[in-house]
Amino acid sequence: MKVKSPMKRLRFSVFMTLIAVIATSYTFAAVIYWQNPSAGFLQTSANWFPNTVPGEDDTISFAVAGTSVILANGDLSVAEISHGNGKITLDLDVYTIALSGNFTSTGAEGSSFNIESGKLAIENEMKIDGSTPAVFTISRSDSELDFKQGYVGFSYPGNKFIASDGAKITTADFFRIGHGGNSKNNTVIFDGEDTSFISTFGGNNRFFESGSDNKVCVSNGAYVSFSAAELRTAWNSNARNNIINIDGTGTVFSVKRLLNGNNGVSNLVHVSRGGTLEVRGEYQSPERTGTYNNLIVENACLYSPPTVVTSVVEEVTTYTTNYNASFNIKNPTTELILTGPETRADTHTVQLHSGKMFVLDEAVWTNRKTIAVGMANNPNSEMVISNAFVTNLDVTFNIGNNSTNCLLLVTAGSKIHNVGYFDITGTDSRMIIEGEGTYVHTGRGFRPNLSGHNASLHIRDGATAVSPSGFALEITRSSGTNNLVYIYNGGSLTNNGDIRLGHNSVNPKNNYLRVENGTIVCASSIYNQYENYIQIKGTNSLIQTKNLYLAGTSEGAIEFFPPENADPFTQPVIQVTNYTSINGINSRLLIDEKSARKCAVNGGGSYTILTNLSNNAITAEIPEENIFKPDEVNVVQTKYAIVVEIPDLSGTLLIVR
């Protein structure tokens, strides 16, 4: 029997130690499988195959059938987790599983992965993407999920991500739902009070990048924030029929910039039943090939919130306004809809480059800066305000904006308070105010076309427009032609400023102020300059003004069109309470004999001036019995008119003949 020398025993011991070190150095590549189909602790080696607790270089595989509840009595760090089978629940108490790599759930029929308490922290990518649908849930207020990048439905359909009951999720990078062309019918749900998803990423998140029929549902008080990032929906052409639904009182979806619809078709953002969409920067429907990508706000809120400022010294909280959300609708098929009695919208600017906006059914909308219906030569934009309340706090509310065939319709009892002008500047563009109870207040007046053509303002069917100051009405300021203001069927305009047809020296022509069974009350002056026309017709029509001027350098006219066989005292009426001047070359006051007694009735101390009479046409045939001649009157006859001074009335009556 040989006996080993001490030196040989030492060499053998060193050799075995090296073997152990080498073996240990290769364990980072190990895949450790959970094998307990019921419940067990992470730190118990018997729950794993091989029987060892996973280390920071290992990959955990959950693939055992059955229902497994994973418990913890300490934190665990591993490289990656993959889940392919079984109903796995992490009930970690206050502990964390930290991954230096990825989490992947590929799913199997009937499988799921759930976090009930504790934290799953993923340094890199989380992917919920099963060829048979994978289901990932996180629930309860003591559960957390933290990842860098996330996908739900990368290549396959039917996957689900559900956060509820106060769960907390944060991501430092993008989060995408529906990535590849086959990623259909994937669902992401954030539900319940105190449930939150917060992205700290400053780049581009893409929902519904390529897939179809995918859904993101935020409901019942959940909070989702992309307030540092841009969120893009429907990025590629095969992104179709996807929806973001923001529903329920207290529910908030916050985003810095929302790009809704780039190339996709029929993608929708829907805010309802008290939910709130916060747009802190810009909402845009891009002018690309995407169509019918819409935003609907129904009994809900659309606004940019105020900034909260807390004074540490005085321990008080104040709010400073931070309204900076602009809404740019650039696609002609896009609709922005605000509807319902609980709807509140607070925006900075709204620009319908193209497309449509509806404010309906008792919705309340406040805008801080410009509203433009139509921009940059994009035709056919429309804004409809029906049974709603709108306040615009800026100088400009522009219909047309150098585009064509744009429409602002105010109807069904709506109320608008506009601080500035209503400018109807687009050719063939229209503003229509209609219906009993419909009321439009403008701080500076209506300007149906500064320089264009065929623009029109209609006030009809019992609607009322009021302008307390400034120019109440300017029918073309520059060289515009064939522009129309039409007040009819019980419509009325009341103002404290002037009304002007033609304003500058460029001779705007063929513009019309037409009153038919309607009313204009002007507390200042009406000017008809150049070749433009005031027309009044129908019974019960009234134009009442302090001063009336026909003072153009070429033909202009006031024309009466009374109905046939009507009572003389129900004819159209022009009533001038102070001063009438018919002073333009070829200016005309055209009145029939029945209307003459109700035309140009001047109040106390006023007088009427007729100049350039050889070129004026003040015409009507008045029967002798219709000429009012009380005692002690001074009758001044001219070739075209009789001016009757009535001392008892301290005024005059202009009777044309």
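Source: prediction; values computed, not measured.

Calculation notes
- Residues numbered from 1 in each chain as written.
- Predicted model: local features only at pLDDT ≥ 70, side-chain atom pairs only at ≥ 80, totals over all residues.
- Heavy atoms only, no water.
- Helix = DSSP H or I, 4+ residues; strand = E, 2+ residues; numbered from the N terminus.
- Buried < 20%, exposed > 50% of the residue type's maximum accessible area, 1.4 Å probe, protein only.
- Contact = heavy atoms within 4.5 Å.
- Areas by Shrake-Rupley, 256 points an atom, 1.4 Å probe, with all protein chains shown as cover.
- Core = buried A, V, L, I, M, F, W, Y, C linked by side-chain atoms within 4.5 Å.
- Patch = residues over 30% accessible without salt bridge, like charges linked within 9 Å, V, L, I, M, F, W, Y side chains within 5 Å.
- Salt bridge = Lys/Arg side-chain N within 4 Å of Asp/Glu carboxyl O.
- Lys, Arg positive; Asp, Glu negative; His and termini not counted.
- Charge placed at Lys NZ, Arg CZ, Asp CG, Glu CD.
- Phe/Tyr/Trp six-rings, centres within 6.5 Å; stacked < 30°, edge-to-face > 60°.
- Lys NZ or Arg CZ within 6 Å of the ring centre and 35° of its normal.
- Polar contact = N/O pair within 3.5 Å; in protein donor to acceptor, adjacent residues only side chain to side chain.
- pLDDT = per-residue confidence, 0-100.

Each helix and strand counted, the chain has 1 helix and 64 strands in total. Per-residue burial for the chain yields a buried fraction of 54% across its 657 residues. A separation threshold of at least 6 residues defines the contact pool for the chain, and within that pool the share at least 24 residues apart is 71%. About 26400 Å² of surface is accessible on the chain, with carbon and sulfur atoms providing 50% of the total.

This part covers the environment of Ala46. Along the chain, Ala46 falls in the loop between strand 2 (39–41) and strand 3 (48–49). What Ala46 contacts, discounting residues up to four positions off in sequence, is Gln35 and Asn51.

On to the nonpolar core, then. Considering soluble globular proteins, one finds that nonpolar side chains tend to be buried as a cluster. With 117 residues, the main nonpolar core has Leu145, Phe161, Phe190, Phe253, Leu277, Met383 and Met431 as its most contacted residues. Of the residues forming this core, the biggest block, 5 residues, is contributed by strand 8 (residues 87–99). Of all hydrophobic cores here, the second largest spans 7 residues; its members include Ile296, Val384, Leu407 and Ile432.

What follows is about a negative patch on the surface. A contiguous patch of negative charge, built from Glu298, Glu342, Asp361 and Glu362, is present on the exposed surface. Note that Glu342 resides in the loop between strand 32 (335–339) and strand 33 (344–347). Glu342 gets classed as exposed once you look at its relative accessible area, which sits at 51%.

Glancing now at unusual backbone geometry. At the junction of Phe49 and Pro50, the peptide bond is cis and its omega measures out at -5 degrees in the coordinates. Relative to the assigned elements, Pro50 resides in the loop between strand 3 and strand 4 (59–62). A positive phi is found at Arg273, a non-glycine position, where the angle reads about 50 degrees. With respect to the secondary-structure elements, Arg273 resides in the loop between strand 25 (268–272) and strand 26 (276–285). The exposed category is assigned to Arg273, whose relative accessible area is 58%. One non-glycine residue, Asn405, adopts positive backbone phi at about 55 degrees. By secondary structure assignment, the location of Asn405 is in the loop between strand 40 (396–399) and strand 41 (407–411).

Next up on the list: the packing of aromatic side chains. Following the criterion strictly, the structure yields 24 aromatic pairs and no others. Between Tyr512 and Tyr533 the ring centres are 5.3 Å apart and the planes differ by 20 degrees, which places this aromatic pair in the stacked class. You can see Tyr512 sitting in strand 53 (residues 509–516) and its partner Tyr533 sitting in strand 55 (residues 531–537), a full 21 residues away along the chain. When the ring centre of Tyr486 is taken as origin, the NZ or CZ atom of Arg514, which lies over that ring, is 5.5 Å away.

Relative to the elements of secondary structure, Asp173 occurs in the loop between strand 16 (168–171) and strand 17 (175–177). It turns out Asp173 is buried and unbridged, and the closest side chain with the opposite charge, Lys148, is 4.8 Å from it. Side-chain polar atoms of Asp173 contact the side chain of Gln149, separated by 3.4 Å. Those residues within four positions of Asp173 in sequence are excluded, and the remaining contacts are Lys148, Gln149, Ser199, Phe201 and Asn205.

Scored by pLDDT, the chain comes out at a mean of 79, with 75% of its residues at no less than 70. Taken as a whole, residues 14–28 scores under 50 in pLDDT and shows 3 contacts with residues more than four places along the chain or in a different chain.

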